[in-house]
Amino acid sequence: MGIECLVLGAGQEVGKSCVVVSMGGKRIMFDCGMHMGYLDNRRFPDFSLISKTGDFDSALTCVVITHFHLDHVGALPYFTEVCGYHGPIYMTYPTKALAPLMLEDYRKVMVDRRGEEEQFTYDHIMECMKKVTPLDLKQTVQVDKDLEIRAYYAGHVLGAAMIYAKVGESTIVYTGDYNMTPDRHLGAAHIDRLQLDLLVTESTYATTIRDSKYAREREFLRAVHKCVAGGGKVLIPTFALGRAQELCILLDDYWERMNLKVPIYFSAGLTIQANMYYKMLIGWTSQKIKNTSSVRNTFDFKHVCPFDRSLINAPGPCVLFATPGMISGGFSLEVFKQWAPSELNLVTLPGYCVAGTIGHKLMSGKPTKIDLDKDTYVDVRCQIHQLSFSPHTDAKGIMDLIEYLSPKHVILVHGERPKMALLKERIQSELGIQCYYPANNEKLLISTTQNVKIDVTKKFIRSCSSAMLSNVKNSCVSISDSSSKDNEIIKLAREDTTAEGILVMEKTKTAKLIHENEILCTLGVKEHQVRFAFCCPVEVTRMEHLSNEANTTHFHESSITRVDVPRCLATEDRLATANNALLHILLSELETRTECKNIQIASDSLQLHTFHVCVCSNEHCSYRKKENGVGESVVYFCCSWSPCDDRLARELLQIMGQLALSC
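Since this is a predicted model, take the numbers as computed values, not measurements.

Scoring rules and cut-offs
- Residues numbered from 1 in each chain as written.
- Predicted model: local features only at pLDDT ≥ 70, side-chain atom pairs only at ≥ 80, totals over all residues.
- Heavy atoms only, no water.
- Helix = DSSP H or I, 4+ residues; strand = E, 2+ residues; numbered from the N terminus.
- Contact = heavy atoms within 4.5 Å.
- Areas by Shrake-Rupley, 256 points an atom, 1.4 Å probe, with all protein chains shown as cover.
- Core = buried A, V, L, I, M, F, W, Y, C linked by side-chain atoms within 4.5 Å.
- Buried < 20%, exposed > 50% of the residue type's maximum accessible area, 1.4 Å probe, protein only.
- Domains from an automatic or database assignment.
- Polar contact = N/O pair within 3.5 Å; in protein donor to acceptor, adjacent residues only side chain to side chain.
- Axes fitted to C-alpha atoms, helices over the stretch in contact; angles between N-to-C directions.
- Left-handed = near helix turned anticlockwise from the far one by under 90°.
- Nonpolar A, V, L, I, M, F, W, Y, C, P; charged D, E, K, R; others polar.
- Salt bridge = Lys/Arg side-chain N within 4 Å of Asp/Glu carboxyl O.
- Pairing = 2+ DSSP bridges.
- Expected span 1.5 Å × (residues − 1).
- Arc of directions from axis to C-beta.
- Phe/Tyr/Trp six-rings, centres within 6.5 Å; stacked < 30°, edge-to-face > 60°.
- Lys NZ or Arg CZ within 6 Å of the ring centre and 35° of its normal.
- Parallel < 35°, antiparallel > 145°, perpendicular 65-115°, else oblique.
- pLDDT = per-residue confidence, 0-100.
- Patch = residues over 30% accessible without salt bridge, like charges linked within 9 Å, V, L, I, M, F, W, Y side chains within 5 Å.

**Regarding the overall build of the chain**
Inference 1: A tally of helices and strands in the chain yields 19 helices and 31 strands.
Inference 2: Once local pairs closer than 6 in sequence are excluded, the contacts in the chain between residues at least 24 apart make up 70%.
Inference 3: For the chain, the accessible area works out to roughly 32,100 Å², and carbon and sulfur atoms hold 48% of it.

Here's what the structure looks like:
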C-alpha cells in the first residue's frame, strides 16, 4: 500500500499550486493554479503528466480547489474547457462565488489591456463554474463508494479550506494556503485531530517567525500617515479579495480615530463586487465581525470610496488600493509607472510577491530603475515599504499544525527551496516525522500501512484476558512502590502481553480472529486426535487364587489376592472392583515415586493431562508387546497419550516397568 504524489506546481516555488495524489485506486487533483510570474508554457501545470492521451476524465477521480487565489484556481477553466476535463470539481461556497470574479478580472487585464493571447474566455469561466459542486465546512462528501472528502476552515481568505481525503484506510490532508493566527476579518485555521498518513502543507514562510500583529499594524499606519502628511500618494498593490479588506478595516478605523480627511480609494469594479460578497458571506468571517454584524456591517467603510482613473495625476495626497497584487500587471502597474518617480510617494507591499513580478524586484532591494520590457523602464525614486500582512502562516504556525496532526509523513509545497530544506530538517529533528519537498513534475511514493478491521470471538478475548492477568500476577511481585503499582500494572497489561490466535479470512466475509480450539468448528471439520498407546506389563507379588470368573477375563489363575471382593457380586461387578483396586495401588506407587500429586482417578482409569491408564482385559491387545520371560504374575495396563505429553508418558512408563505391585 502507498500514496503517490505528483507535484505539478508549487514544487520548490510559490505559484501554480497543483498536486495530484493517488491512493487506493483513486486520483485526486488538489488545486489547479497558474504562475503569476510567467507568460510562457510555465504559466500552467504540465497536464500531460496526468494523461498522455488527454483522457482526464478516466485519469482523475475529482478536482478539489482550496480557495479563489489565481495561483490555486487560475488554470481551472483552461483545464476543463480547453483540455477537456468534465469530471467532479469541489470547492467551498465562497470560493465558487468569488473565483469567477478573479478569473474574469485576470482575463481582462491580460487580454483586453495587454493584448496577450487568450488562454480561456468569459464563456469558458462560466461553463467551468457550472461543473462545480459546493462544499460546506466539515461536510463529509462521498465522491464515490470509496473516496470521501471533508473541508476545514483555513483562514487565509474568505472561503479558504483545508481538504481531508480518505480512501479505505489511507488518509491525507492538503492544506492549501492557511493562517494559524486570526486577523481583523478572518478567524484562525482549525481542523480536527485526525489520524493521517500524509500531510501536504504550504511553506511560504518556512523560516520566518513574524512579530506581533499589533506591532506590524502600527508600523504600517505610521508609514502611511507620514507619507500623506508630507503630501505624498500611497499605492497599496493588493488582490481585490483578502488583504484589501483586512487593510481597509485597519485604515478605516484609524482614519476615524485620527479624524483624517485624506481620501482612501479602491480601484473601481472588482473590489466593489468583492465587498458585496463579503457582506453576503459574513458567516465565514471572524467571530468579532459576526457578533457586530447586526449593529453595523464592518465592510460598509466610511472613509473608502471608488477611484476614477482621471485622479491618477490629481494633486494632493491619497491612499489607493489597486489590483492586482505583486504589481504583476493591470491597474496597479499603470499607477506604479506614474507614481514611482516621485520621492514623496510610497509603495507599500503588504504580502508575499512571486519571483518574476515587479513587486518581487522591489522587495529584493531598492532598485533605481525597473525594466518593464526591452524598450521600457521606470525610474524608481519613491519610498518602498515592505510589511508582512500576508495571510499565510509563519514557521511557528506550520510546526504547530504538524505537531497537532502528527501525520506519518509530511510533504512541503508552495515555498522557496533553501527555506524548505531548513524546515524539513527541523520537522525531522524536532518532531521525528519524515519530510519531503519535491520539485515540480516530480513523483513521490509514500509507503503506508493498512489497518484491517476484524471480528474476534469471545473465547479469544477470554484467552487474552487470562494471559494478561497471568502476566500481571507474575510481574507484580517485583513492584514494591505502592504509589506506582497501578501505573506499572496498566503498563504491563498493555505492553507485555502476547495472545495467540488464528486469523480466518473467508470470501465476502469480515476477517475473524479465533481461539485455536475453535478452528475445527469454524471450518466444519471433525476433530482428529493423534494418540500414542502402549500396553505396559506390571509385575504383581503375593498373589493368591481368586475365582474362576476373574481368571477367565483378566489374568492367570492366581491373579489377585488381598483385594476384598464380595462373593455376592456378579462377575462383571467383581472384576470392576478388582480393577479399581489395582488402579488405587498403582496410583499410590506413582505418587510415591514421582512428584505428580494431581493424578486423577475414575472408576476404571487414571489420568494425568492427556496420559490415560486402565487395566487391560484384552489378552490379544494390539498395543501389547510380546516378550519372552514375562512371568505369570503380571497385570497389563493399557496406556494412551497425546504427542504433547510424550515426555511425561515415557517417564511414567519407565517407572511402571520397574514396579512390583503388592496385592
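Resuming the write-up.
**Regarding the nonpolar core**
Inference 1: With 132 residues, the main nonpolar core has M29, L76, F220, L251 and F336 as its most contacted residues.
Inference 2: Both of domain 1 (2–208 + 391–446) and domain 2 (213–386) provide at least three residues apiece to this core.
Inference 3: When neighbours within four sequence positions are excluded, L251 is seen to be in contact with F220, L221, V224, I236, I264, V319 and F321.
Inference 4: Ranked by size, the runner-up nonpolar core spans 29 residues in total, among them C62, A161, L198 and I446.

**Some remarks on the side chain of Q12**
Inference 1: On the secondary structure map, Q12 appears in the loop between β1 (2–9) and β2 (18–23).
Inference 2: At a separation of 2.8 Å, a polar atom in the side chain of Q12 contacts the main-chain carbonyl oxygen of Y437.
Inference 3: If we ignore the near neighbours within four places in the chain, the residues touching Q12 are G415, E416, R417, M420, Y437, P438 and A439.

**Considering the packing of helix α6 (residues 213–229) against helix α7 (residues 243–258)**
Inference 1: Two elements in contact, α6 and α7, have axes whose closest approach is 11 Å; the angle formed by their N-to-C orientations is 65 degrees. Our pair here, α6 against α7, has a crossing hand that is right-handed. Contacts between α6 and α7 pair E217, F220, L221, V224 and H225 from the former with E246, L247, L250, L251, Y254, W255 and M258 from the latter.
Inference 2: In terms of residue class, the contact of α6 with α7 is made up of nine nonpolar, one polar and two charged.

**As for the pattern of salt bridges**
Inference 1: Applying the stated criterion across every chain, the model contains 20 salt bridges.
Inference 2: With its nearest N and O atoms 3.2 Å apart, the salt bridge here joins D253 to R257. You can see D253 and its partner R257 sitting in helix α7, four residues apart, about one turn around the helix.
Inference 3: Classification of R257 as exposed rests on a relative accessible area of 54%.

**Overview of the sheet that holds strand β8 (residues 147–153)**
Inference 1: An order of β7-β8-β9-β10-β11-β20-β21 is seen for the seven strands of this open sheet, with the pairing classed as mixed. Because the sheet does not close on itself, it has two edges, and the strands there are β7 (140–142) and β21 (434–436). The mean angle between the axes of side-by-side strands here comes to 20 degrees, regardless of whether they run parallel or antiparallel.
Inference 2: Pairing of strand β9 (residues 161–167) with strand β10 (residues 170–174), which is carried by five bridges, proceeds in the antiparallel orientation. Residue pairing in the sheet places Y164 in a bridge with V173 of β10.
Inference 3: Strands in contact with helix α12 (residues 395–405) are β9, β11 (198–202) and β20 (409–413); relative to β11, the strand with the most contacts, it is inclined by about 170 degrees.
Inference 4: Running at roughly 165 degrees to β20, helix α13 (residues 417–431) makes contact with β20 and β21 of the sheet.

**Regarding α6**
Inference 1: Here α6 spans 24 Å end to end across 17 residues, near enough to the 24 Å set by a 1.5 Å rise per residue.
Inference 2: Regarding α6, the residues found buried are R216, E217, F220, L221, A223, V224, C227 and V228. Considered in projection along α6, the buried side chains sweep an arc of 160 degrees and stay on one side of the axis. Seen from the open side of α6, the exposed residues pointing more than 90 degrees away from its buried face are Y214, R222, K226 and A229.

**Things to note about the packing of aromatic side chains**
Inference 1: Per the stated rule, a full pass over the model turns up twelve aromatic pairs.
Inference 2: Three or more aromatic residues joined by ring pairs form one cluster here, namely F47, F56, F79 and Y85.
Inference 3: The ring centre of Y205 lies 5.3 Å from the NZ or CZ of R210, which sits over that ring.
Inference 4: Taking NZ or CZ as reference, R624 lies 3.8 Å from the ring centre of Y636, over its face.

**Considerations on the pairing of β8**
Inference 1: Of all the seven residues making up β8, seven are buried; the element is thus mostly covered by neighbouring parts of the structure.
Inference 2: Because side chains alternate across β8, one face comprises the buried residues L147, I149, A151 and Y153, and the other comprises E148, R150 and Y152, equally buried.
Inference 3: Sheet analysis places β7 next to β8, joined by three bridges and oriented antiparallel. For T140, the partnering residue across the bridge sits in β8 and is R150.
Inference 4: Between the end of β7 and the start of β8, which pair antiparallel, lie four residues.
Inference 5: Examined bridge by bridge, β8 and β9 share seven bridges and lie antiparallel to one another. Looking at the pairing, Y152 lines up with M162 of β9.

**A closer look at the packing of α12 against α13**
Inference 1: Packing of α12 against α13 leaves a shortest axis separation of 11 Å and a crossing angle of 40 degrees. The angle between α12 and α13 places the two elements in the oblique class. Helix-helix and strand crossings are classified by hand; for α12 and α13 the assignment is right-handed. When α12 is examined against α13, the residues A395, I398, M399, I402 and E403 are found in contact with a partner set consisting of L423, R426, I427, E430 and L431.

**Focus on the confidence of the model for the chain**
Inference 1: For the chain, mean pLDDT is 85; residues scoring 70 or higher make up 88% of the total.
Inference 2: In this model, residues 545–563 is a region of pLDDT below 50 whose contacts with residues beyond four sequence positions or in other chains number 42 contacts.

**Considering the environment of K226**
Inference 1: Tracing the backbone through its elements, the reader meets K226 in helix α6.
Inference 2: Residues K226 and L346, 120 residues apart in the sequence, show an inter-C-alpha distance of 9.8 Å.

**Thoughts on the sheet that holds strand β31 (residues 660–662)**
Inference 1: Taken in spatial order, the six strands of this open sheet run β27-β28-β29-β30-β26-β31, and their pairing is mixed. The open sheet has two free edges, formed respectively by β27 (600–601) and β31, since each of these has just one partner strand.
Inference 2: Note: strand β28 (residues 606–608) against strand β29 (residues 611–615), three bridges, orientation antiparallel. What sits directly across from L606, in β29, is V613.
Inference 3: Across the face of the sheet, helix α19 (residues 646–657) comes into contact with β26 (532–541), β28, β29 and β30 (634–641) while running at roughly 20 degrees to β26.

**Focus on a nonpolar patch on the surface**
Inference 1: Side chains of V452, I454, V456, I461, L503 and M505 sit close together on the surface and give an oily, nonpolar patch of about 560 Å² of accessible area.
Inference 2: Looking at the element boundaries, M505 is found in the loop between β24 (502–504) and β25 (512–514).

**Looking at the side chain of T201**
Inference 1: Counting through the fold element by element, T201 comes out in strand β11.
Inference 2: Judged by its relative accessible area of 0%, T201 falls in the buried class.

**As for helix α5 (residues 122–130)**
Inference 1: Every buried residue belonging to α5 is among I125, C128 and M129, and all of these are buried. For α5, the arc enclosing every buried residue in end-on projection is 95 degrees, short of the 170-degree limit, so these residues lie on one face. Opposite the buried face of α5, at more than 90 degrees from it, the exposed residues are D123 and K130.

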